[in-house]
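# Summary of structural features
Here is what each chain is made of, one letter per residue.
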Amino acid sequence: MKSSGKNISLTSYDDIFMAEESHDDPKREKIVEIALSELHPFKNHPFRVVDDERMRETAESIKDYGVLVPGIVRPRPEGGYEIIAGHRRKRASELAGKETMPVIVRNLDDDAAIIIMVDSNLQRENILPSERAFALKMKMEAVKRQGERTDLTSCQIGTKFRADTAVADGTGDSARTIQRFIRLTNLIPPLLDMVDEKKIAFSPAVELSYLKPEEQRALLDGIDKQQVTPSFSQAQRIKKGSQEGILSPEKMEEILSEVKKPPRKDVESSPPSPPSIINRLESQDKPMEVSGFIQLPIEPFLKFIPKSLFQQQGPESQEKLTKLFLKMAELYKKFIEKKRSQVK
């Protein structure tokens, strides 16, 4: 491996905070200054480093106070160092005109490095769904590989190792949520961009992730033509069509073109709404069907209902009317049944 020792020097504050008896401890991690040109991004780093307002604020802070929290790196076989934690700090140091950055050098294998890289970045705010998805997928795969190695797993014999549960620990999310985020990595880039831009909601996006790549491209064309994005129920139907082998571009456009309506009430199993009762009372003097079980002659009962009740507004008065008419219908039904029994 190419040596990079000429670019490393101990920082002064490292000695200030180091206990006297640990100065000669070779196992103790030391903070060192490494040239920015020797620091390289982590392979397949899933988090974006953007020159936005936050980055400019970080650069100003580094210009005034330096990098207060050192990064974490590991040596590269081809020379230099791979950044595990500190990609944004390195970029901000460049913008601040710095030539070096304080880091801690660790000798880590790939899986341990991935887990530290993901965990250190998931603590940040404003992480995009795509960033979280690919980061969790990388950690899941690393944890699975570690779980397969008996020297790294503490599971008892007979206990099934659950990588999703291990990844979920400490994140505040359930194993199911972790799985759903990882599903997003199956979306084609244009659809995943729409999730990041909040044009497609998370739950519909998870459903669409089950589509084949060619179906996703056809869906993208349909979204462009219809100028709409699928709701959760529409995404479920599109997914079902794909699983049943009946999905076509025309079918997707047909689903997307549907007007999204609020859920309909079951009018057959529910009593008429109060406004409906009042309107029908005012417009007819024929017997009225209430709740679908009896024909109620309204005229004989109107004189027993205070007129003020019809003039009152609000859910409370409407509820009183509903209960009143239902009660009248119930009594009238008993009256009719009694009459019929007398005839028999």
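Nothing here was measured: the structure is a model prediction, and the numbers come from that model.

The next thing to look at is the pairing of strand E6 (residues 100–105). Relative to E6, strand E2 (residues 31–35) is paired through 5 bridges, and the arrangement is antiparallel. Along E6, the bridge assignment pairs isoleucine 34 with methionine 101. Bridging between strand E4 (residues 71–75) and E6 involves 3 bridges; their strand directions are parallel. Across the sheet, the residue bridging to isoleucine 72 is isoleucine 104, located in E6.

Counted under the stated rule, the structure contains 1 aromatic pair. Aromatic side chains phenylalanine 181 and phenylalanine 202 sit 4.7 Å apart centroid to centroid with 40 degrees between the ring planes, which places their arrangement in the tilted category. Taken as a pair, phenylalanine 181 in helix H7 (residues 175–183) and phenylalanine 202 in helix H9 (residues 202–208) lie far apart in primary sequence, 21 residues in all. What makes phenylalanine 181 buried here is its relative accessible area of 15%. The positively charged end of arginine 183 is found above the aromatic ring belonging to tyrosine 210, 3.9 Å away from the centroid. Here the basic side chain of lysine 239 rests over the ring of tyrosine 210, its NZ or CZ set 4.1 Å away from the ring centre.

Within the chain, residue pLDDT values average 77, and 67% of them lie at 70 or more. Predicted confidence for residues 150–160 stays below pLDDT 50, and this span has 5 contacts to residues more than four positions away or in other chains. Ignoring residues within four places in sequence, the model shows residues 263–294, a span with pLDDT below 50, making 41 contacts including any to other chains.

A few words on the nonpolar core. Of all hydrophobic cores here, the largest spans 46 residues; its most connected members are Leu184, Leu187, Leu191, Leu219 and Ile238. If one sorts the elements of this core by residue count, helix H5 (residues 129–148) sits on top with 7 residues. The residues contacting leucine 191, other than those within four sequence positions of it, are Ile200, Gln216, Leu219, Leu220 and Ile223. Membership of the second largest hydrophobic core comes to 15 residues, among which are Val32, Tyr81, Ala96 and Val103.

All right, on to helix H12 (residues 249–256) then. Along an α-helix, a turn takes 3.6 residues, which lines up residues three or four apart on a common side. Along H12, the positions that sit buried rather than exposed are Met252, Ile255 and Leu256. Down the axis of H12, the sector holding all buried residues measures 100 degrees, keeping them to one side.

Of all the 5 residues making up strand E5 (residues 81–85), 5 are buried; the element is thus mostly covered by neighbouring parts of the structure. With 2 bridges joining them, strand E3 (residues 39–40) and E5 adopt parallel strand pairing. By the bridge assignment for E5, leucine 39 is matched with tyrosine 81. Pairing geometry for E4 and E5, over 4 bridges, is antiparallel. Residue pairing across strands places valine 73 opposite isoleucine 83, the latter belonging to E5.

Before going further, it helps to examine the side chain of arginine 180. Along the chain, the position of arginine 180 falls in helix H7. If we ignore the near neighbours within four places in the chain, the residues touching arginine 180 are Phe202, Ser203 and Val206.

In this section: unusual backbone geometry. One non-glycine residue, lysine 198, lies in positive phi territory at about 65 degrees. With respect to the secondary-structure elements, lysine 198 resides in the loop between helix H8 (189–196) and H9. Here the phi dihedral of glutamine 227 falls at roughly 55 degrees; this positive angle occurs in a residue that is not glycine. When its relative accessible area of 62% is taken as the criterion, glutamine 227 is described as exposed.

We now examine the side chain of threonine 185. Within the element layout of this structure, threonine 185 appears in the loop between H7 and H8. The exposure class assigned to threonine 185 is buried, which follows from its relative accessible area of 14%. Only 2.6 Å separates the side chain of threonine 185 from the backbone oxygen of isoleucine 182, close enough to count as a polar contact. Not counting the four nearest positions on each side in its chain, threonine 185 is found in contact with Ala133, Phe134 and Lys137.

Rules of the game
Residues numbered from 1 in each chain as written. Predicted model: local features only at pLDDT ≥ 70, side-chain atom pairs only at ≥ 80, totals over all residues. Heavy atoms only, no water. Pairing = 2+ DSSP bridges. Helix = DSSP H or I, 4+ residues; strand = E, 2+ residues; numbered from the N terminus. Phe/Tyr/Trp six-rings, centres within 6.5 Å; stacked < 30°, edge-to-face > 60°. Buried < 20%, exposed > 50% of the residue type's maximum accessible area, 1.4 Å probe, protein only. Lys NZ or Arg CZ within 6 Å of the ring centre and 35° of its normal. pLDDT = per-residue confidence, 0-100. Contact = heavy atoms within 4.5 Å. Core = buried A, V, L, I, M, F, W, Y, C linked by side-chain atoms within 4.5 Å. Arc of directions from axis to C-beta. Polar contact = N/O pair within 3.5 Å; in protein donor to acceptor, adjacent residues only side chain to side chain.

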